[in-house]
Amino acid sequence: MFLAVRAANRVIEESGPVSENNDQKFVYDFTEGNRDLKDLLGGKGANLAEMTNLGLPVPPGFTITTEACKVYLESGSEPVELRDEVSAHLDALEQKMGKKLGQADDPLLVSVRSGAKFSMPGMMDTVLNIGLSDASVVGLADQADNERFAWDSYRRLIQMFGKTVLGVEGELFEDALDEAKAAKKVASDTDLDAADLKKVVEHFKKIVKTETGRDFPQDPREQMDLAIEAVFNSWNTDRAKLYRRQERIPGDLGTAVNVCSMVFGNLGPDSGTGVAFTRDPASGHEGVYGDYLQNAQGEDVVAGIRNTVPLADLEGIDKTSYDQLMDIMNTLETHYKDLCDIEFTIERGQLWMLQTRVGKRTAGAAFRIATQLVDQGLIDEAEALQRVTGAQLAQLMFPKFDEAAKVEQIGRGIAASPGAAVGKAVFDSYTAVKWSRSGEKVILIRRETNPDDLDGMIAAEGILTSRGGKTSHAAVVARGMGKTCVCGAEELEVDTKRRRMTTADGQVVEEGDVVSIDGSTGKVYLGEVPVVPSPVVEYFEGRMHAGADDADELVQAVHRIMAYADRVRRLRVRANADNAEDANRARRFGAQGIGLCRTEHMFLGERRQYVERLILADTDVERDDALEALLPLQKTDFVELFEAMDGLPVTVRLLDPPLHEFLPDITELSVRVALAESRKEPHENDLRLLQAVHRLHEQNPMLGLRGVRLGLVIPGLFTMQVRAIAEAAAQRIDAKGDPRVEIMIPLVGTVQELEIVREEAEQVIAEVQARTGVELKLALGTMIELPRAAVTAGQIAEAAEFFSFGTNDLTQTVWGFSRDDVEASFFTAYLEKGIFGVSPFETIDKDGVGALVRSAVQAGRATRPDIKLGVCGEHGGDPESVHFFHEVGLDYVSCSPFRIPVARLEAGRAAAESKGSDSR
């Protein structure tokens, strides 16, 4: 059959059907495409074409393009040319195979499968065995000389078609199948014979009739057309849209549809189906990884309904097919230069390739595989850097379970996706979402997951299943999301209806009990297991050296890729740090300075009393006394900070928040005053504080008396801070230090504000310089965090030596959002409705906030070409935002210490990506 298919493919390639519409072609034979056409053919179709081009054994078929899907989704109907194009390609396929779709004797059967540009495992629809009917099932049985196989294939078609195309509840079919097994007192569907399956088919057909009001369609072309339409519609199912939001996949891409001649893994013990990986997707280690299931069709493996055997066992079952598969896996990995995920079927000893794609992998596997491929000469360091992400690095920095802790292990499964997850046991997706939204951490426990469980999988800390392997739905989706997962814990009996799990020794875990799962070992524990820092964090902290003999292989891979990222990146990475302890940790993590020191954090705790004295001051003398008391405290803080960051820039932001934030809560004060008055106790100070709170009260304090406005309204406040900074810098220079200080004035909206504060600051710096005899070079600049500041950046640059974009407040003021309010009130609805792909406080809004940043950069540099530009909002550590800041030409990003490695990596990736684009 394989040689006949190869010859037929050549015929189609030379004289295949061409669309009557010369401007747009909606259907491509597998011989016509290649892997570079993913936008048009989807990932599955493009890779089927690529494997066909490589001469691999691919069942013949054709792909309906994503453009056809877009027309359907936009207009509600298929393109007028599509039916004729499909008919022409179906005719060619029938000629190639020597039989007609659904003919009564020896029928051609096809699968109809979705395939978007980006992999969305299990999120869209697939229907197998199209073409089977009451008539053709008999012909299939005769041709295969296997009556059981034919009726098994027919019941699968009705079940899949009924659920995905006709909208029948899937549990109705599952319950009917369970009844048939119970009646025969068997545990597996493979134990049902042909007579049993005939009864199942009749039961399934009655379910379709009852639920839809129509008979199961017997016309094979109607089956195919309805299945194609169902695949188009599956692009916009709730689960598909949720997955796209989670993975940030655009919603306007559409899906391709692949129509492929069927090959059968359920013909008996010499047939089977499997999924293979060219390397372990969980660890990245080389070897034979995957699952195989005899006498089965593909969905049995992915769904985890039946437990598989390891792929290595295939060598003993069918060595010829095993050896051929190993050769093909090597061919594909060398060709794609990456880990490949492969679906295959063996039909009576003949191996067929049904799909390949670059495989999803865990964070650790991504780093290991990237460096392995460099060592093997398949890719260079620049490409290796593009194969990993900041999000993956962040996952590797999460804590792991403490192996020395006293634990109660209750089971063990397959380590499907690494991590240490702890939470309350829940047994359905709805409860996982509900409890998670109320603040509970949960572990979703299922016998096996299916695409409808996606929202619960997202909400959960981790996923535990009693069935399935590394290629099951739960494992594949969890790895893609970076979610901890343990699959196939067979010794645990999961009862979703009674909401409990029973261990091998009879111990019962009820819903709400705390469990811990280790996705790196597959171990399951009762109760909460303590965690310890990950080896990657220990490496960044300097407690583990990548070159040491006992260094973790993963740490070595991270070290190599980080070293290359640091060599190629243009953006420098600073830290947001307010004290010496944070500064020291940031420096160990690779910070190249401090981009934001928030001085208001230095006024908390016991120091609040000094701020209270400042607020309550009735005279200039009282105010000056309060400021004088604060001066040495501030100076000491700055000396420690400058020492920790010696030789690196430190940007100190002058006081920013409203003063009332340093006062007691108004309700608390009112109660204290009322109680004191009722008891006739002294309360003069509390009364004055309460009066001050009322006096300083604002309807919208975030847009009120704060930032530069404080410095202009309260005499001496900013000059005290500038004096403390200048004296601390002078002291460090006297001590042979190298302080590189930048003073930042916050919330500037007009250049006049900055000019006044700058003039006062320069006077103070000159006084300290004259008094100490130490030359001080302190830069003065501002935060750009108001739309007006961004719009007038050219003017502001006349008085500023640097800009630091405060994107948190800039996002608030551009959108008109109060972050503390909107994230809890309506952001969830905005995300669900697709108004946001992601929160604008998480990833920068390029079209709005980003446009202001871009224009401010251009205007600032036009006025002052040597102006230093950075960002100090939370966006400074967000991977996608770092790429934007590289693109617009900032000099540095600043983020929390823990995110510094992520920012370093992404800055390197942005530089390498930009260089690659320029070379193309």
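Everything in this summary refers to the structure shown in the same document.

1. Focus: the overall build of the protein chain
Okay, so step 1: Within the protein chain one finds 37 helices and 31 strands.
Okay, so step 2: With respect to the principal axes defined by its C-alpha atoms, the protein chain has extents near 105 × 65 × 60 Å.
Okay, so step 3: When contacts within the protein chain are restricted to residue pairs at least 6 apart in sequence, long-range pairs at least 24 apart make up 68% of them.
Okay, so step 4: For the protein chain, the accessible area works out to roughly 37,800 Å², and carbon and sulfur atoms hold 47% of it.
Okay, so step 5: Taking the 104 positively charged and 148 negatively charged side chains of the protein chain as two groups, their mean positions are separated by 1 Å.

2. Structural notes on helix α2 (residues 38-53)
Okay, so step 1: Along its 16 residues, α2 runs just 15 Å from first to last C-alpha, ending more than 12% under the 22 Å computed at 1.5 Å per residue.
Okay, so step 2: Lys-44 marks the point of greatest bend in α2, at about 75°.
Okay, so step 3: Counting buried positions along α2 yields 12 of 16 residues, so the element is predominantly enclosed.
Okay, so step 4: For α2, the set of buried residues is Leu-41, Gly-42, Gly-43, Lys-44, Gly-45, Ala-46, Asn-47, Leu-48, Ala-49, Glu-50, Met-51 and Thr-52.
Okay, so step 5: Backbone geometry just after α2 places Gly-55 at a positive phi near 80°.

3. Description of the sheet that holds strand β8 (residues 309-310)
Okay, so step 1: With respect to topology, 5 strands assemble into an open sheet ordered β8-β7-β6-β9-β10, the strand pairing being antiparallel. Both outer strands of the open sheet, β8 and β10 (350-358), are each paired with one neighbouring strand and no more.
Okay, so step 2: Taken together, the 8 bridges between strand β9 (residues 340-347) and β10 define a ladder with antiparallel strand orientation. Bridge pairing in β10 places Ile-346 opposite Leu-351.
Okay, so step 3: Strands in contact with helix α13 (residues 319-336) are β6 (272-279), β7 (286-294), β9 and β10; relative to β10, the strand with the most contacts, it is inclined by about 25°.

4. Things to note about the pairing of strand β28 (residues 779-784)
Okay, so step 1: With 6 of 6 residues buried, β28 is to be regarded as a mostly interior element.
Okay, so step 2: Judged from the 4 bridges that link them, strand β27 (residues 740-745) and β28 form a sheet pairing that is parallel. By the bridge assignment for β28, Glu-742 is matched with Ala-779.
Okay, so step 3: Since β27 and β28 lie parallel, the crossover through helix α29 (residues 751-772) that links them has a hand, and here it is right-handed.

5. Notes on the state of the cysteines
Okay, so step 1: Taken as a whole and judged by the stated rule, the model has 0 disulfides.
Okay, so step 2: Cys-485 carries a free sulfur, and the closest cysteine sulfur to it, the one in Cys-487, is 3.5 Å from it.
Okay, so step 3: Given the relative accessible area of 0%, Cys-485 is considered buried.

6. Side note on the packing of helix α32 (residues 807-815) against helix α35 (residues 849-863)
Okay, so step 1: Where α32 meets α35, the axes come as close as 9 Å, and the angle between the chain directions of the two elements is 115°. When you trace α32 past α35, the crossing you get is right-handed. Two secondary-structure elements touch here, α32 through Leu-810, Thr-811, Val-814 and Trp-815 and α35 through Val-849, Leu-852 and Val-853.
Okay, so step 2: Tallied by class, residues from the contact of α32 with α35 come to 6 nonpolar, 1 polar and no charged.

7. Section: the environment of Ala-312
Okay, so step 1: Relative to the assigned elements, Ala-312 resides in the loop between β8 and α12 (314-317).
Okay, so step 2: Residue classification places Ala-312 among the partly exposed positions, given a relative accessible area of 39%.
Okay, so step 3: For Ala-312 and Gly-469, which are 157 residues apart along the polypeptide, the C-alpha to C-alpha distance reads 14 Å.

8. A look at the side chain of Thr-66
Okay, so step 1: Here Thr-66 lies in helix α3 (residues 66-75).
Okay, so step 2: Those residues within four positions of Thr-66 in sequence are excluded, and the remaining contacts are Asp-39, Leu-40, Gly-42, Leu-253, Gly-254, Thr-255 and Ala-256.

9. Concerning a negative patch on the surface
Okay, so step 1: A cluster of acidic side chains, namely Glu-169, Glu-171, Glu-174, Asp-175, Glu-179 and Glu-211, defines a negative patch on the protein surface.
Okay, so step 2: Element by element, the count of residues in the negative patch is highest for helix α7 (residues 170-184), at 4 residues.
Okay, so step 3: Summarising the element assignment, Glu-171 is placed in helix α7.

10. Here's the deal with the nonpolar core
Okay, so step 1: Phe-367, Leu-393, Val-558 and Phe-642 are the most contacted members of the largest nonpolar core, which has 133 residues in total.
Okay, so step 2: Looking at this core, the element that brings in the most residues is helix α28 (residues 717-734), giving 10 residues.
Okay, so step 3: Once you skip the residues sitting within four places of it in the chain, Val-558 turns out to touch Phe-367, Leu-393, Leu-396, Val-536, Tyr-539 and Phe-540.
Okay, so step 4: In this structure, Ala-141, Tyr-154, Val-231 and Val-259 belong to the second largest nonpolar core, which totals 58 residues.

11. Focus on α29
Okay, so step 1: Taking 1.5 Å of rise per residue, the 22 residues of α29 would be expected to cover 32 Å, and the 31 Å separating its terminal C-alpha atoms lies within 8% of that figure.
Okay, so step 2: Those residues of α29 not exposed but buried are Val-751, Glu-753, Leu-754, Val-757, Arg-758, Ala-761, Val-764, Ile-765 and Val-768. Buried residues in α29, looked at end-on, bunch into an arc of 150°, giving them a common side. For α29, exposure combined with an orientation more than 90 degrees from the buried face picks out Ala-770 and Arg-771.
Okay, so step 3: Turning to α29, the residues buried within the fold contact α27 (708-713), α28, β27, β28 and α31 (793-796).
Okay, so step 4: One or two steps after α29, the chain reaches Gly-773, where phi turns positive at roughly 75°.

12. Some remarks on the packing of aromatic side chains
Okay, so step 1: The final tally for this structure, using the stated rule, is 20 aromatic pairs.
Okay, so step 2: With a centroid separation of 6.0 Å and an interplanar angle of 50°, the aromatic rings of Trp-151 and Tyr-154 are classed as tilted. Taken together, the positions of Trp-151 and Tyr-154, both in helix α6 (residues 147-164) and 3 residues apart, correspond to about one turn of that helix.
Okay, so step 3: On the accessibility criterion, Tyr-154 (0% relative accessible area) is buried.

13. Examining unusual backbone geometry
Okay, so step 1: Here Asn-129, not a glycine, exhibits a phi torsion of approximately 70°, which is positive.
Okay, so step 2: In this structure, Asn-129 sits in strand β4 (residues 126-130).
Okay, so step 3: What makes Asn-129 buried here is its relative accessible area of 0%.
Okay, so step 4: Even without glycine at this site, Arg-348 takes up a positive phi of about 50°.
Okay, so step 5: In this fold, Arg-348 is placed in the loop between β9 and β10.

14. Examining the sheet that holds strand β25 (residues 594-598)
Paired through their backbone hydrogen bonds, the strands of a sheet run either parallel or antiparallel.
Okay, so step 1: Read around the closed barrel, 8 strands run β24-β25-β26-β27-β28-β29-β30-β31, paired in parallel fashion. Between one strand axis and the next, the sheet turns through 25° on average, direction left out of account.
Okay, so step 2: Relative to strand β31 (residues 892-895), strand β24 (residues 572-576) runs parallel, the two being bridged by 4 bridges. Bridge pairing in β31 links Arg-574 to Ser-894.
Okay, so step 3: In the packing of α29 onto the sheet, contacts are made with β27 and β28, and the angle to β28 comes to roughly 150°.

Cut-offs used in this document
- Residues numbered from 1 in each chain as written.
- Predicted model: local features only at pLDDT ≥ 70, side-chain atom pairs only at ≥ 80, totals over all residues.
- Heavy atoms only, no water.
- Helix = DSSP H or I, 4+ residues; strand = E, 2+ residues; numbered from the N terminus.
- Contact = heavy atoms within 4.5 Å.
- Areas by Shrake-Rupley, 256 points an atom, 1.4 Å probe, with all protein chains shown as cover.
- Lys, Arg positive; Asp, Glu negative; His and termini not counted.
- Charge placed at Lys NZ, Arg CZ, Asp CG, Glu CD.
- Expected span 1.5 Å × (residues − 1).
- Bend = angle between axes of the 7 residues up to and from the residue.
- Buried < 20%, exposed > 50% of the residue type's maximum accessible area, 1.4 Å probe, protein only.
- Pairing = 2+ DSSP bridges.
- Axes fitted to C-alpha atoms, helices over the stretch in contact; angles between N-to-C directions.
- Right-handed = clockwise from strand over helix to strand, strands pointing away.
- Disulfide = S-S within 2.5 Å.
- Left-handed = near helix turned anticlockwise from the far one by under 90°.
- Nonpolar A, V, L, I, M, F, W, Y, C, P; charged D, E, K, R; others polar.
- Patch = residues over 30% accessible without salt bridge, like charges linked within 9 Å, V, L, I, M, F, W, Y side chains within 5 Å.
- Salt bridge = Lys/Arg side-chain N within 4 Å of Asp/Glu carboxyl O.
- Core = buried A, V, L, I, M, F, W, Y, C linked by side-chain atoms within 4.5 Å.
- Arc of directions from axis to C-beta.
- Phe/Tyr/Trp six-rings, centres within 6.5 Å; stacked < 30°, edge-to-face > 60°.

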